[in-house]
Number of protein chains: 4
Amino acid sequence: MMTLAQAEQVIAAAKEKSKAIDTKMNIAVVDAGANLVAFARMDGAWLGSLDIAIKKAKTARYFDMNTGSIGELSQPGQPLYNIEHSNNGLITFPGGVVLKNASGEIIGAVGVSGSSVDNDHTVAEAGSKAL
Amino acid sequence: MMTLAQAEQVIAAAKEKSKAIDTKMNIAVVDAGANLVAFARMDGAWLGSLDIAIKKAKTARYFDMNTGSIGELSQPGQPLYNIEHSNNGLITFPGGVVLKNASGEIIGAVGVSGSSVDNDHTVAEAGSKAL
Amino acid sequence: MMTLAQAEQVIAAAKEKSKAIDTKMNIAVVDAGANLVAFARMDGAWLGSLDIAIKKAKTARYFDMNTGSIGELSQPGQPLYNIEHSNNGLITFPGGVVLKNASGEIIGAVGVSGSSVDNDHTVAEAGSKAL
Amino acid sequence: MMTLAQAEQVIAAAKEKSKAIDTKMNIAVVDAGANLVAFARMDGAWLGSLDIAIKKAKTARYFDMNTGSIGELSQPGQPLYNIEHSNNGLITFPGGVVLKNASGEIIGAVGVSGSSVDNDHTVAEAGSKAL
């Protein structure tokens, strides 16, 4: 079970990484039920990334994989084309990463948005390693 | 008219097939009015597939064809491009199959989600043959 | 953690009670994350009760109490007036009951709709006792 | 302009007050644009209060007053009857409080949900005093 303390650790690590690479991010953490536990929008981060960060976290937990992996499958002509229309809107480009506890169980996910998708993923991954 | 007993038969057959091919599925059955009759989420199945299974069942009944057939027509440049925006969200990749009674009348549809789209379709078809 | 087998037990017990008191119900079971696990609409049950049953189950888990208890507090002039506008719609009259495992932990909720609210609650409670 | 550091101060003060009065809260902070800046769900807090806390914060900023004050005006027969239908859902009972900077300008709002509305308001007010 995800605790608020764990979610705050993830956000703190993500914020640190975001500053280290000179970006401004929205960072969301959801629990195993895909419900929000904690959120932070850094000063000057894109407003539209607020919802994207939350949707990335949910999407990663919905399918227990990085959001970018789903995005490869949802392109035109690919097996999951337009899957984004489900679940009140998915975001399927990089920046959502699952969160595991010490025993390797998935306990939620983190979603990051505010820069290039590569940077978003880098920051999300840094957050995920805080656990 | 679809009965709950019929819907439960469909779900039981789909669950059996799902186990036989070692997958974990969300399975939804809708009636001729495209309204949910029965649903089951197998232990450990993807959470995001809950909504997708229901949307696949509805999509199949909305157009009385397998969801994958609609997906071929909704690609960029094709006649039904982005039809997924209608009806509060369609899912147009494989895994939704119409349900017919003994006399061949369409009485609803089954939607399955939780694995590859080929597996989803295989399980949905197994469910549809239970009637 | 709620298993599908547990959810099916709850639905079976609710169906049995529903038949015993000569009613036709929609029955929904959600897990601890308020996500649907299983659903059944009995033959001839009100179509509009489909969504109500699901919302009752979610509402009971959202606040870890029977839906009717919330409804007393959401009346005009009461402390939670119009709480129903949250969470994409709550249903706060009787028929939603929390589900506990053998050790007394809340693992989800059942929602029942299709008759008088007294009958709905009776059937939901019968379902909850199956665990 | 609300900074993330300010929002985190508000949440920290609200969490401290929540623990002091032995409650478990969802706490949301929005900026002057009524957009989420930071959020925290304390361990064991009601899941349904997640959305309510965010809606309370937005409601307080939408009208620059405590949510409870709006609730008095939205009762049957009162001037703002059923105003809750606007803005994708308002919450108009206590627990949402505006946030002001040192010069008295409104820079956002805090919303708290998870206990009685009196406790929710007490915790929100404690949060608001952190600035």
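Preceding block: the structure.
Since we're looking at a predicted model, the values are computed, not measured. (Residues numbered from 1 in each chain as written. Chains lettered and ligands numbered in written order. Predicted model: local features only at pLDDT ≥ 70, side-chain atom pairs only at ≥ 80, totals over all residues. Heavy atoms only, no water.)

**Some words on the sheet that holds strand β2 (residues 36-41) of chain C**
Right, on to step 1. The sheet built from eight strands is open, its strands ordered β3(B)-β4(B)-β1(B)-β2(B)-β2(C)-β1(C)-β4(C)-β3(C) with antiparallel pairing. Strands at the two margins of the open sheet, each flanked by one partner only, are β3 (96-100) of chain B together with β3 (96-100) of chain C. Shown here is a sheet whose adjacent strand axes are inclined to one another by a mean of 20°, direction ignored.
Right, on to step 2. Here strand β1 (residues 26-31) of chain C pairs with β2(C) via five bridges, running antiparallel. Looking at β2(C), one finds that A28(C) is bridged to F39(C). (Pairing = 2+ DSSP bridges. Helix = DSSP H or I, 4+ residues; strand = E, 2+ residues; numbered from the N terminus. Axes fitted to C-alpha atoms, helices over the stretch in contact; angles between N-to-C directions.)

**Re the packing of helix α1 (residues 4-20) of chain C against helix α4 (residues 117-128) of chain C**
Residue and element names in this part refer to chain C.
Right, on to step 1. It is at 7 Å that the axes of α1 and α4 come closest, and there the two elements cross at 140°. As summarised for this structure, α1 and α4 are arranged oblique, according to the angle between their axes. α1 and α4 meet at a crossing whose hand is right-handed. Where α1 abuts α4, its residues V10, A13, A14, K17 and S18 lie against T122, V123, A126, G127 and S128.
Right, on to step 2. Classifying every residue of the contact of α1 with α4 by side-chain character gives five nonpolar, four polar and one charged. (Parallel < 35°, antiparallel > 145°, perpendicular 65-115°, else oblique. Left-handed = near helix turned anticlockwise from the far one by under 90°. Contact = heavy atoms within 4.5 Å. Nonpolar A, V, L, I, M, F, W, Y, C, P; charged D, E, K, R; others polar.)

**What to know about the pattern of salt bridges**
All names here are of chain A.
Right, on to step 1. Per the counting criterion, the structure on display carries 20 salt bridges over all chains.
Right, on to step 2. We note a salt bridge from K55 to D51, for which the minimum N-O separation is 2.9 Å. With K55 and D51 both in helix α2 (residues 49-63) and four residues apart, the pair spans about one turn of that helix.
Right, on to step 3. For D51, a relative accessible area of 40% translates into the label partly exposed. (Salt bridge = Lys/Arg side-chain N within 4 Å of Asp/Glu carboxyl O. Buried < 20%, exposed > 50% of the residue type's maximum accessible area, 1.4 Å probe, protein only.)

**Looking at the interface of chain A and chain B**
Right, on to step 1. Contacts between chain A and chain B engage 18 residues on the former and 20 residues on the latter.
Right, on to step 2. Both faces considered, chain A and chain B share a buried interface measuring about 1,400 Å² in area, 63% of it formed by carbon and sulfur atoms.
Right, on to step 3. Considering only the side of chain A, the residues that lose the most area to chain B are F63(A), Y81(A) and H85(A), jointly responsible for 39% of the buried surface there.
Right, on to step 4. Here chain A is connected to chain B by zero salt bridges.
Right, on to step 5. The interface formed by chain A and chain B includes nine residue pairs in polar contact (both at pLDDT 80 or more).
Right, on to step 6. Counted by class, the side of chain A that touches chain B contains ten nonpolar, six polar and two charged residues. (Buried area = accessible area lost by both parts, 1.4 Å probe. Polar contact = N/O pair within 3.5 Å; in protein donor to acceptor, adjacent residues only side chain to side chain.)

**Some details on the sheet that holds strand β2 (residues 36-41) of chain D**
Right, on to step 1. The strand order across the open sheet built from eight strands is β3(A)-β4(A)-β1(A)-β2(A)-β2(D)-β1(D)-β4(D)-β3(D), with neighbouring strands paired in antiparallel fashion. The open sheet has two free edges, formed respectively by β3 (96-100) of chain A together with β3 (96-100) of chain D, since each of these has just one partner strand. Between one strand axis and the next, the sheet turns by 20° as a mean value, whatever way the strands run.
Right, on to step 2. Where helix α1 (residues 4-20) of chain D meets the sheet, it contacts β2 (36-41) of chain A together with β1 (26-31), β2, β3 and β4 (106-113) of chain D, and its direction lies at approximately 25° from that of β2(D).

**With respect to the relation of the copies chain A and chain B**
Right, on to step 1. Rotating chain A by 92° and moving it 0.0 Å along the rotation axis overlays it on chain B with an RMSD of 0.1 Å. Taken together, the rotation and translation describe the operation of a four-fold axis. Taking C-alpha positions as the reference, the residue of chain A nearest the rotation axis is P76(A), at 4.5 Å. (Least-squares fit on C-alpha atoms with pLDDT ≥ 70 in both.)

**Topic: α2(A)**
All names here are of chain A.
Right, on to step 1. For α2, spanning 15 residues, the distance from its first C-alpha to its last is 21 Å, which sits close to the expected 21 Å at 1.5 Å a residue.
Right, on to step 2. All of the buried residues in α2 are S49, L50, A53, I54, K55, K56, A57, T59, A60, R61, Y62 and F63.
Right, on to step 3. Phi turns positive, to about 50°, at D64, one or two residues after α2. (Expected span 1.5 Å × (residues − 1).)

**Here we look at the relation of the copies chain C and chain B**
Right, on to step 1. Of the two same-sequence chains, chain C is brought onto chain B (RMSD 0.1 Å, axial shift 0.1 Å) by a rotation of 179°. Both chain copies can therefore be described as sitting about a two-fold axis. Identified as the residue of chain C closest to the rotation axis by C-alpha distance is F39(C), at 2.4 Å.
Right, on to step 2. Comparing contact sets, 100% of the residues at the interface of chain C also lie at the interface in chain B, consistent with an isologous, same-surface contact.

**Regarding the interface of chain C and chain B**
Right, on to step 1. Between chain C and chain B, the residue contacts involve 16 residues of the former and 17 residues of the latter.
Right, on to step 2. Interface area, chain C with chain B, both sides summed: about 1,400 Å², of which 51% is carbon and sulfur.
Right, on to step 3. Of all residues in chain C, L4(C), L36(C) and R41(C) bury the most surface against chain B, accounting for 35% of the area lost on that side.
Right, on to step 4. Where chain C meets chain B, there are four salt bridges.
Right, on to step 5. Notably, a salt bridge pairs K15(C) with E8(B), separated by 2.7 Å at the nearest N-O pair.
Right, on to step 6. Summed over the shared surface of chain C and chain B, the result is 13 residue pairs in polar contact (both at pLDDT 80 or more).
Right, on to step 7. Split into classes, the residues belonging to the side of chain C that touches chain B amount to nine nonpolar, two polar and five charged.
Right, on to step 8. Bridging between strand β2 (residues 36-41) of chain B and β2(C) involves three bridges; their strand directions are antiparallel. Each residue of the ladder has a partner; that of A40(B), found in β2(C), is A38(C).

**Focus on the pairing of strand β1 (residues 26-31) of chain A**
Along any regular strand the residues' side chains alternate between the sheet's two faces.
Residue and element names in this part refer to chain A.
Right, on to step 1. For β1, the buried fraction is high: six of the six residues fall into the buried class.
Right, on to step 2. Here β1 shows a buried face lined by N26, A28 and V30 and a second buried face lined by I27, V29 and D31.
Right, on to step 3. Where β1 meets strand β4 (residues 106-113), six bridges bridge the pair, whose relative direction is antiparallel. Bridge pairing links D31 to G108 in β4.

**As for helix α4 (residues 117-128) of chain B**
All names here are of chain B.
Right, on to step 1. Between its terminal C-alpha atoms α4 stretches 16 Å, which fits the 16 Å expected from twelve residues at 1.5 Å a residue.
Right, on to step 2. Here α4 has its buried residues at V117, D120, V123, A124, A126, G127 and S128.
Right, on to step 3. Of the surrounding elements, those touching the buried residues of α4 are α1 (4-20), α2 (49-63), β3 and β4 (106-113).

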